[in-house]
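Structural overview for review
The chain contents come next:
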Amino acid sequence: MSPAQPPFVIAVVDDDRDVLGSLRFLLEAEDFLVRTYARGSDCLSHLVADAPDCFIIDYKMAEMDGIELAQHLRGRGRQEPIILITGYPDELIRHKARLAGIPYVVLKPHLDESLVTNIRVAIAHASFPKDIR
């Protein structure tokens, strides 16, 4: 009998404390371990200690937007999946996200099921060996 897989760690970055609390509640109910950050710089400074399996990043934040944070993550060699959340249904945002290596964009306020589904798909996709993708 193999040991149970430990829960996946999800890093959530959003400068809205209410959104952070809601996403923590939603994701913990789905058995994820959740680390929350109110600023992109906080997330960047905790990368080694928290080692997330997936990032959930808000697009519109004061200090740096979600795409800038994703570029910093990729610049540091981070390959974990990134899901951008936004309240703006704008194709330009989706295009910028794709250019920054973010294939997953989920619209607020429809986060509940679509976010969890996207997280599971992103983590599963990231775990496939690159030569069979």
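We now turn to the structure provided with this report. Counting from 1, residues in each chain are numbered in the order their sequence is written. Side-chain atom pairs in this predicted model are given and counted only at pLDDT of 80 or more, local residue features only at pLDDT of at least 70, and totals for whole chains, interfaces and linings cover all residues. Side-chain measures here rest on the full set of heavy atoms in the structure, leaving out hydrogens and waters.

Before going further, it helps to spend a moment on the overall build of the protein. Numbering goes from the N terminus for both helices and strands, where a helix is a DSSP run of H or I of at least four residues and a strand is a run of E of at least two. Looking only at helices and strands, the protein features 6 helices and 5 strands. Starting at the N terminus and ending at the C terminus, the protein contains elements arranged as β-α-β-α-α-β-α-β-α-β-α. Every radius of gyration here is taken over C-alpha atoms, with the globule rule written as 2.2 Å times N^0.38, N being the number of residues. At 14 Å, the protein has a C-alpha radius of gyration in line with the 14 Å of a compact globule built from 133 residues. For the exposure calls, accessible area comes from a 1.4 Å probe over protein chains only, and a residue counts as buried if that area is under 20% of its type's maximum, exposed if over 50%, partly exposed in between. Relative to its full complement of 133 residues, the protein shows a buried share of 42%.

Spatially, 5 strands are ordered E2-E1-E3-E4-E5 in an open sheet, and the strand pairing comes out parallel. Since the sheet does not close on itself, it has two edges, and those belong to strand E2 (33-37) and strand E5 (104-107), each with one partner. Neighbour-to-neighbour, the strand axes of this sheet turn through a mean angle of 20°, independent of strand direction. As paired strands, strand E3 (residues 54-58) and strand E4 (residues 82-86) are joined by 4 bridges and run parallel to one another. Residue pairing for E4: Asp 58 is matched across the bridge by Ile 85. One bridge is not enough; two strands pair if DSSP finds at least two bridges between them. Here, axes are lines fitted to C-alpha atoms. For helices the fit covers the stretch in contact, and angles between N-to-C directions go from 0 to 180 degrees.

Moving on, we get to the environment of Asp 15. Following the sequence through the fold, Asp 15 ends up in the loop between strand E1 (9-13) and helix H1 (17-29). Residue classification places Asp 15 among the partly exposed positions, given a relative accessible area of 36%. C-alpha separation for the pair Asp 15 and Arg 39, spaced 24 residues apart in sequence, amounts to 5.9 Å. When residues no more than four places from it in sequence are discounted, the contact partners of Asp 15 are Ala 38, Asp 58, Lys 60, Met 61 and Ala 62. Polar contact is defined as a pair of N or O atoms within 3.5 Å, subject to the rule that within protein one atom must be able to donate a hydrogen and the other to accept it, and that residues adjacent in sequence are counted only when both atoms are side-chain atoms. A distance of 3.0 Å separates the side chain of Asp 15 from the backbone nitrogen of Ala 62, its partner in a polar contact. Note on definitions: a residue-residue contact is assigned when non-hydrogen atoms from the two residues lie within 4.5 Å.

When a carboxyl oxygen of Asp or Glu lies within 4 Å of a side-chain nitrogen of Lys or Arg, that pair is called a salt bridge. Tallying each qualifying case throughout the model produces 8 salt bridges. Of the charged contacts in the structure, one is a salt bridge between Asp 58 and Lys 108, with a shortest N-O distance of 3.1 Å. Here Lys 108 lies in the loop between E5 and helix H6 (112-127) and Asp 58 lies in strand E3, a separation of 50 residues in the sequence. The residue Arg 78 makes a salt bridge to Glu 80 at a minimum N-O spacing of 2.7 Å. You'll find Arg 78 and Glu 80 in the same group, each marked buried. Salt bridges linked by common partners bring Asp 14, Asp 58 and Lys 108 together as one network.

Let's shift gears to helix H4 (residues 66-75). Taken as a whole, H4 has its buried residues at Gly 66, Ile 67, Leu 69, Ala 70 and Leu 73. Along H4, the residues classed as buried sweep out an arc of 155° about the axis, all on the same side. Buried residues in H4 make contact with E1, helix H2 (40-45), helix H3 (47-50), E3, E4 and helix H5 (91-99). The opening residue of H4, the one whose side-chain oxygen lies 2.9 Å from the backbone nitrogen of Ile 67, is Asp 65. At the C-terminal side of H4, Gly 77 shows a positive phi close to 85°. When we speak of the arc, we mean the arc of directions from the helix axis to the C-beta atoms.

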